[in-house]
Amino acid sequence: MTAQTHGEFIAPDGGKALLNPVGGKMVLKLPTALTGGAYTLHDNVMPPGSPGPRPHIHHQHDETFYVLEGELQVRVNDQTFHAPAGACVFVPRGAVHQPSNLGAEAAHFLLLFSPGGMDQFFEEAAAGRLPLQGLPGDPDTLARLNEFCRRYGYEFAEFAAG
């Protein structure tokens, strides 16, 4: 996959709205195809009081949070970062992590995955109605969820005790 040779403009209200598994808003601004597979860029809003997704690992992607408004709490292995507007948190592939918004205001942030491919993860999760926040109750849905996550190098995890 090769990157484009011309520029691209995405208006403030442009991009592709994706189903955000934790509520709020997720808009894909730069898809994998546009960056030659290098990365994807998402514009997210996490509602106040949101615990975020379950702790998880990306085995194939680094993830970066850049906070525009509000505050995120991002737990990465045994560290917890309180990230106000203007802060950036880098999560290397293979790290157990969980972003949350425990504040009283929405958290608005940019989310960058490198390399690309996570845009397809969120699109496919929405199309298949796969639950990324809670555990499904029935074995068939759990089996579909586990197979889906495996294909994208995504794994639900727990933080080490300590």
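These remarks concern the structure in this document. (Residues numbered from 1 in each chain as written. Predicted model: local features only at pLDDT ≥ 70, side-chain atom pairs only at ≥ 80, totals over all residues. Heavy atoms only, no water.)

### Description of the overall build of the chain
Part 1: From N to C terminus, the chain includes two helices and eleven strands.
Part 2: Counting from the amino terminus, helix and strand elements in the chain follow one another as β-β-β-β-β-β-β-β-β-β-α-α-β.
Part 3: On C-alpha atoms alone, the chain measures out to a radius of gyration of 16 Å, which is about the 15 Å that the 2.2 N^0.38 rule sets for 162 residues.
Part 4: Considering only C-alpha atoms, the chain reaches an extent of 50 × 35 × 25 Å along its principal axes.
Part 5: Counting every position in the chain, which comprises 162 residues, the buried fraction comes to 44%.
Part 6: Pairs at least 24 residues apart make up 67% of the contacts formed inside the chain by residues separated by at least 6 positions.
Part 7: Working note: accessible area of the chain is about 8,400 Å², and carbon and sulfur atoms make up 56% of it.
Part 8: A distance of 5 Å separates the average location of the 10 positive side-chain charges in the chain from that of its 17 negative side-chain charges. (Helix = DSSP H or I, 4+ residues; strand = E, 2+ residues; numbered from the N terminus. Rg over C-alpha atoms; globule rule 2.2 N^0.38 Å. Buried < 20%, exposed > 50% of the residue type's maximum accessible area, 1.4 Å probe, protein only. Contact = heavy atoms within 4.5 Å. Areas by Shrake-Rupley, 256 points an atom, 1.4 Å probe, with all protein chains shown as cover. Lys, Arg positive; Asp, Glu negative; His and termini not counted. Charge placed at Lys NZ, Arg CZ, Asp CG, Glu CD.)

### Some thoughts on the packing of aromatic side chains
Part 1: Inspection of the entire model under this criterion finds eight aromatic pairs.
Part 2: Geometrically, the ring pair formed by Phe121 and Phe148 is stacked, given 4.8 Å between the ring centres and 25° between the ring planes. Taken as a pair, Phe121 in helix α1 (residues 118-127) and Phe148 in helix α2 (residues 139-151) lie far apart in primary sequence, 27 residues in all. In this structure, Phe121 and Phe148 share a single accessibility class: buried.
Part 3: Put simply, the rings of Phe113, Phe121, Phe122, Phe148, Tyr152, Tyr154 and Phe156 pair up and form one aromatic cluster.
Part 4: A cation sits over an aromatic face here: Arg54 above Phe156, 3.6 Å from the ring centre.
Part 5: Its guanidinium or amino end placed over the ring of Phe159, Arg75 lies 3.8 Å from that ring's centre, counting from NZ or CZ. (Phe/Tyr/Trp six-rings, centres within 6.5 Å; stacked < 30°, edge-to-face > 60°. Lys NZ or Arg CZ within 6 Å of the ring centre and 35° of its normal.)

### Let's talk about α2
Note: α-helices contain 3.6 residues per turn, so residues at a spacing of three or four share the same orientation.
Part 1: Taking 1.5 Å of rise per residue, 13 residues should cover 18 Å, and α2 covers 19 Å from first to last C-alpha, within 8% of that figure.
Part 2: Inspection of α2 places Thr141, Leu145, Phe148 and Cys149 among the buried residues, and these make up the whole buried set. All buried residues of α2 lie within an arc of 95° about the axis, which places them on one face of the element. Away from the buried face of α2 by more than 90 degrees, exposed residues Pro139, Asp140 and Arg150 are located. (Expected span 1.5 Å × (residues − 1). Arc of directions from axis to C-beta.)

### Describing the nonpolar core
Part 1: Counting residues in hydrophobic clusters, the biggest one holds 29 residues, and the most contacted among them are Phe65 and Leu72.
Part 2: For this core, the elements supplying multiple residues, two or more each, are β2 (25-30), β5 (62-69), β6 (71-76), β8 (88-91), β10 (107-114), α1, α2 and β11 (154-156).
Part 3: Not counting residues up to four positions away in its chain, the partners in contact with Phe65 are Leu72, Val74, Ala87, Cys88, Val89, Val91, Pro99, Phe109, Leu110 and Leu111. (Core = buried A, V, L, I, M, F, W, Y, C linked by side-chain atoms within 4.5 Å.)

### Some points on the side chain of His58
Part 1: Assignment of secondary structure puts His58 in strand β4 (residues 56-58).
Part 2: Taking relative accessible area as the criterion, His58 reaches 3% and is therefore assigned buried.

### Thoughts on the sheet that holds β10
Part 1: Judged by pairing direction, the sheet is antiparallel, and its six strands sit side by side in the order β1-β2-β3-β10-β5-β8 without closing on themselves. Both outer strands of the open sheet, β1 (16-18) and β8, are each paired with one neighbouring strand and no more. On average, each strand axis in the sheet is tilted by 25° relative to the strand beside it, whichever way the strands run.
Part 2: α1 contacts β1, β2, β3 (40-46) and β10 of the sheet and is inclined by roughly 50° relative to β3. (Pairing = 2+ DSSP bridges. Axes fitted to C-alpha atoms, helices over the stretch in contact; angles between N-to-C directions.)

No statement about biological role is implied by the geometric values presented.
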